[in-house]
Amino acid sequence: MKRLALSVLLSLSAAAAVAQTAAPAPYQAHCAACHRADRFGPSGPAPLPKSLSRLRKPEAVKVIGEGRAATQMAGFAGRLSAEEITALADYIYRPVSPAPTYSAEQIRASRIVHHAGLPGKPAGAFQGVDMMNLFLVVETGDHHITVLDGDRLVPIHRFPTRYALHGGPKFTSDGRYVFLASRDGWISKFDLWNLAVVAEVRAGINTRNVAVSADGRVVAVANYLPHTLVLLDGDLNLLKVHE
């Protein structure tokens, strides 16, 4: 009898644990397509506690209900009840168990080349501009960057970025390329001379910062999740993962 009671108790405990970690049905129906069932977020930001550390839960409830301007994040207030939206917010702030991993193969597979063979001289928009005196204004509110003429503080170009850029832009010594890191692990290489994103790679799930060697040949990415240091070449090909 005691063994039967213990077996039932363990079964109930396991069921409760699954219930606490399992995704609610609205997440699978409305969120998983962009944020993935495991919450790694291949196209949308990764809804994990560390990635959401700057977003308070009441604000998350508002975003789920109303959406986020200038992004693909739609609002669900017309399709979900207030209770369902609150349950979704509670769910995305729960830690994932076991802790998520992100392999070298996944890094390689995520690499995207947008442009190759762009002209080796500044575009016409830069006529009369000092190319070594450009300012980049990171607009975290709507995920854009504005390129300014540093002498006149006049906007030259504005472009959309990945979600929540973090750590500041990092330039190559010749001023042509700038590397950008998003909080959800994406590294973007932007060609300032041609005003175009040339390549991107996802180096982690939650990224802290990025650094570029003086010659622009090595890019180092420090990740919170997983705890890795990822080395890339100047074209964002994977060189090595230090764990």
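(A) Region of interest: the overall build of the protein. Within the protein one finds 6 helices and 12 strands. Looking at the protein residue by residue over its 243 residues, the buried ones come to 40%. For the protein, the accessible area works out to roughly 13,100 Å², and carbon and sulfur atoms hold 58% of it.

(B) The arrangement of the packing of helix α4 (residues 57-66) against helix α5 (residues 82-92) in detail. Packing of α4 against α5 brings their axes to within 9 Å, and their N-to-C directions diverge by 125°. Between α4 and α5, the crossing angle belongs to the class labelled oblique. As for the relative orientation of α4 and α5, their crossing is right-handed in sense. Mapping the contact onto sequence places Lys57, Val61, Ile64 and Gly65 in α4 and Ile85, Leu88, Ala89 and Asp90 in α5. Taken together, the residues that form the contact of α4 with α5 break down as 5 nonpolar, 1 polar and 2 charged.

(C) How the structure looks around the packing of aromatic side chains. Evaluated as defined, the whole model comprises 2 aromatic pairs. Arranged with centres 4.0 Å apart and planes meeting at 5°, the rings of Phe159 and Phe190 form a pair that is stacked. Taken together, the positions of Phe159 in strand β4 (residues 154-160) and Phe190 in strand β7 (residues 186-191) put the pair 31 residues apart, joining distant regions of the chain. Note on accessibility: Phe159 and Phe190 belong to one class, buried. The lysine or arginine in question, Arg39, covers the ring of Tyr91, its NZ or CZ lying 4.6 Å from the ring centre. The cationic tip of Lys189 hangs over the ring face of Tyr177; the distance from NZ or CZ to the ring centre is 4.2 Å.

(D) Looking closely at the sheet that holds strand β9 (residues 206-212). If you trace the 4 strands from one edge of the open sheet to the other, you get β9-β10-β11-β12, paired in antiparallel fashion. Strands with a single pairing partner mark the edges of an open sheet, and in this sheet they are β9 and β12 (238-242). Taken pair by pair, the neighbouring strands of this sheet meet at an average axis angle of 20°, ignoring direction.

(E) Expanded view of the sheet that holds strand β2 (residues 134-139). Pairing in this open sheet of 3 strands is antiparallel, and the strands run β2-β3-β4 from one edge to the other. The outermost strands of the open sheet, each flanked by one partner alone, are β2 and β4. Between one strand axis and the next, the sheet turns by 20° as a mean value, whatever way the strands run. Where strand β3 (residues 144-149) and β4 come together, 6 bridges link them in antiparallel fashion. In the sheet register, Val147 faces β4, and the bridge partner there is His157.

(F) Looking closely at the nonpolar core. Ile187, Ile205, Val221, Val230, Leu232 and Leu236 are the most contacted members of the largest nonpolar core, which totals 21 residues. Contributions of two or more residues to this core are made by β6 (177-181), β8 (196-202), β10 (218-225) and β11 (229-233). Leu232 has contacts with Ile187, Val201, Arg217, Val218, Val219, Val221, Asn237, Leu238 and Leu239, leaving out every residue within four places of it along the chain. If you look at the next biggest cluster of nonpolar residues, it comprises 15 residues, including Phe126, Val129, Phe159 and Trp193.

(G) Broad picture of the pairing of β2. Sheet topology note: the β2/β3 ladder contains 6 bridges and is antiparallel. Bridge pairing in β3 links Leu136 to Val147. Connecting the antiparallel pair β2 and β3 is a turn made up of 4 residues, with His143 showing a positive phi of about 60°.

Definitions and cut-offs
Residues numbered from 1 in each chain as written. Predicted model: local features only at pLDDT ≥ 70, side-chain atom pairs only at ≥ 80, totals over all residues. Heavy atoms only, no water. Helix = DSSP H or I, 4+ residues; strand = E, 2+ residues; numbered from the N terminus. Buried < 20%, exposed > 50% of the residue type's maximum accessible area, 1.4 Å probe, protein only. Areas by Shrake-Rupley, 256 points an atom, 1.4 Å probe, with all protein chains shown as cover. Axes fitted to C-alpha atoms, helices over the stretch in contact; angles between N-to-C directions. Parallel < 35°, antiparallel > 145°, perpendicular 65-115°, else oblique. Left-handed = near helix turned anticlockwise from the far one by under 90°. Contact = heavy atoms within 4.5 Å. Nonpolar A, V, L, I, M, F, W, Y, C, P; charged D, E, K, R; others polar. Phe/Tyr/Trp six-rings, centres within 6.5 Å; stacked < 30°, edge-to-face > 60°. Lys NZ or Arg CZ within 6 Å of the ring centre and 35° of its normal. Pairing = 2+ DSSP bridges. Core = buried A, V, L, I, M, F, W, Y, C linked by side-chain atoms within 4.5 Å.

Read these as geometric descriptors, not functional statements.
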